[in-house]
Amino acid sequence: MKPLLLAMPGAEALAVSLADALAQSMECERGQLTLHRFPDGENCPQILPEPRARDVILVAALDHPDDKLLPLYLSACVARELGARRIVLVLPYLPYMRQDAVFQPGQGITARHFARLLSSCCDALVTVDPHLHRILSLDEVYSVDSEVVAAAPAIAEWIRQHVAAPVVVGPDSESEQWAAQVAELAGCPYTVLSKVRSGDHEVAVSLPPPQLLAGRTPVLVDDIASTARTMVAATGQLKQAGAAAPICIAVHALFAGDAYSVLQQAGVAAVVSCNTVPHASNGIDLMPALAAAAQRMLTV
C-alpha cells in the first residue's frame, strides 16, 4: 500500500512541498490528521484513513517546540496504535540539540531527554543539519534510525546563482563546519569570526581580515538564527572592516521576537533561509533532499 503522509498542524505547507518532491520517485497518499482540543486543553489526534499495515511519514515544524511536542508524540503513538507498520518523522528543524551540556548547576543535558522521548514513538527520523557540537552524532542520543540532510549543497548552489564574488563568513567557531563546506562547494574563500556571548541578547564578534573581503560580497552563513544578535554583531564588524553589506543565510529561520526586523535594520543586503521552518525569508528549497531521505528511511 502507498505510504500515508501526515502533517502536524502548522506543517501543512511543508507536507505539500514534501509530497510534490516525493511524487518524483514514489506514490504516497495525503492523509488527514486533526487534533481535537477538549475544553480542558487536552488533545486527541485523529488519523484518516487509518494507517493499518501502512508506512507513515509524519511531518512537523518544531520551532517553538514545547507547544508542539506532546501533540506530535501522541499523533505518532496513535498511528502506531492504529496499526502503522513503520513511522518516519520528518522534522526539518530538530530542537533541543543546543542543550548538549550542563551550563549551570542544577541543570541537565535536556537534548538527551528530548531524544529519548522522540525515539520512543517512531522508527526513524529525518532532519536537516541539527546543531551537532558536543554531541557529535544523532546516534549518540537517538535510538532509532536517522538521517541528516545537509543544507550546504543547496546553499552553495544559491550562492553560485545569486552572488558574483562571494566570501563566506562564519559568525562564530561553531559555524565553521557549515561555512567551510559551503565555501568549498561554492568555490570561494571563507573566514570564521570569534564570538563572546554575555547573555541571550548580548554578543561581541571579532573583526574579519580586511584583505579577504576586498572586492567581495560577504555571505554570513549560520545554522540557526534565533535572536539574530550574532549575525547583527558580525554585520557591524564587517561594515567596520569596510566590507560590502552582507547577505545573511540561515539554515533554520527561528527569528524569535523582533529578531528578523532587527537583522534587516542592521544594514544587511538580504536575509535568506532554507525552508526547514516556514518563514518569509525562505528561499532555499531542501524538500527534494528531505523527500529522498524519507524514502530511504522507509526501506531501512
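Please read these numbers as outputs of a predicted model, since none were measured by experiment.

Draft legend 1. Representation of the confidence of the model for the chain. The share of residues in the chain with pLDDT of 70 or more is 95%, and the mean pLDDT across the chain is 92. Long-range and interchain partners of residues 197-201, a stretch whose pLDDT sits below 50, account for seven contacts in this model, where long-range means more than four residues apart.

Draft legend 2. Here's a closer look at the sheet that holds strand β10 (residues 190-192). In spatial order, the strands read β10-β9-β13-β14-β15-β16; together these six strands make up an open sheet with parallel pairing. A single partner strand is all that each edge strand has here, and the edge strands are β10 and β16 (282-284). Along the sheet, successive strands turn relative to each other by an average axial angle of 35°, direction set aside. The sheet contact formed by strand β14 (residues 247-253) and strand β15 (residues 270-274) spans four bridges and is parallel. Looking at β15, one finds that Ile247 is bridged to Ala270. Across the sheet, helix α5 (residues 176-186) is in contact with β9 (166-170), β10 and β13 (217-225); its angle to β10 comes to roughly 175°.

Draft legend 3. Fine view of the sheet that holds strand β6 (residues 86-91). Here six strands make up an open sheet; going across it, the order is β2-β1-β5-β6-β7-β8 and the pairing parallel. Because the sheet does not close on itself, it has two edges, and the strands there are β2 (29-30) and β8 (145-149). Relative to β6, strand β5 (residues 55-59) runs parallel, the two being bridged by five bridges. Across the sheet, residue Val56 finds its bridge partner in β6, namely Ile87. Each of β5 and β6 is contacted by helix α2 (residues 69-81), which is oriented at about 160° to β6, the strand it contacts most.

Draft legend 4. Focus on the packing of aromatic side chains. Under the definition given, this model contains two aromatic pairs. When the centroid spacing of 4.8 Å and the interplanar angle of 15° are considered together, the rings of Tyr96 and Phe114 count as stacked. On the criterion of sequence distance, the pair formed by Tyr96 in the loop between β6 and α3 (110-119) and Phe114 in helix α3 is long-range, its members being 18 residues apart. In this structure Phe114 comes out as buried when scored by relative accessible area, which is 6%. Each ring, one from Phe255 and one from Tyr260, has its centre 5.1 Å from the other, and the planes form 50°; the classification is tilted. In this structure, Phe255 and Tyr260 share a single accessibility class: buried.

Draft legend 5. View of the nonpolar core. Leu18, Val90, Ile155, Ile159 and Ile249 are the most contacted members of the largest nonpolar core, which totals 47 residues. With residues near it in sequence (within four places) discarded, Ile159 still touches Pro166, Val168, Val182, Ala186, Val219 and Ile249. Counting residues in each nonpolar core, the second largest holds 34 residues, with Met8, Ile47, Leu69 and Leu82 among its members.

Rules and cut-offs
Residues numbered from 1 in each chain as written. Predicted model: local features only at pLDDT ≥ 70, side-chain atom pairs only at ≥ 80, totals over all residues. Heavy atoms only, no water. pLDDT = per-residue confidence, 0-100. Contact = heavy atoms within 4.5 Å. Pairing = 2+ DSSP bridges. Helix = DSSP H or I, 4+ residues; strand = E, 2+ residues; numbered from the N terminus. Axes fitted to C-alpha atoms, helices over the stretch in contact; angles between N-to-C directions. Phe/Tyr/Trp six-rings, centres within 6.5 Å; stacked < 30°, edge-to-face > 60°. Buried < 20%, exposed > 50% of the residue type's maximum accessible area, 1.4 Å probe, protein only. Core = buried A, V, L, I, M, F, W, Y, C linked by side-chain atoms within 4.5 Å.

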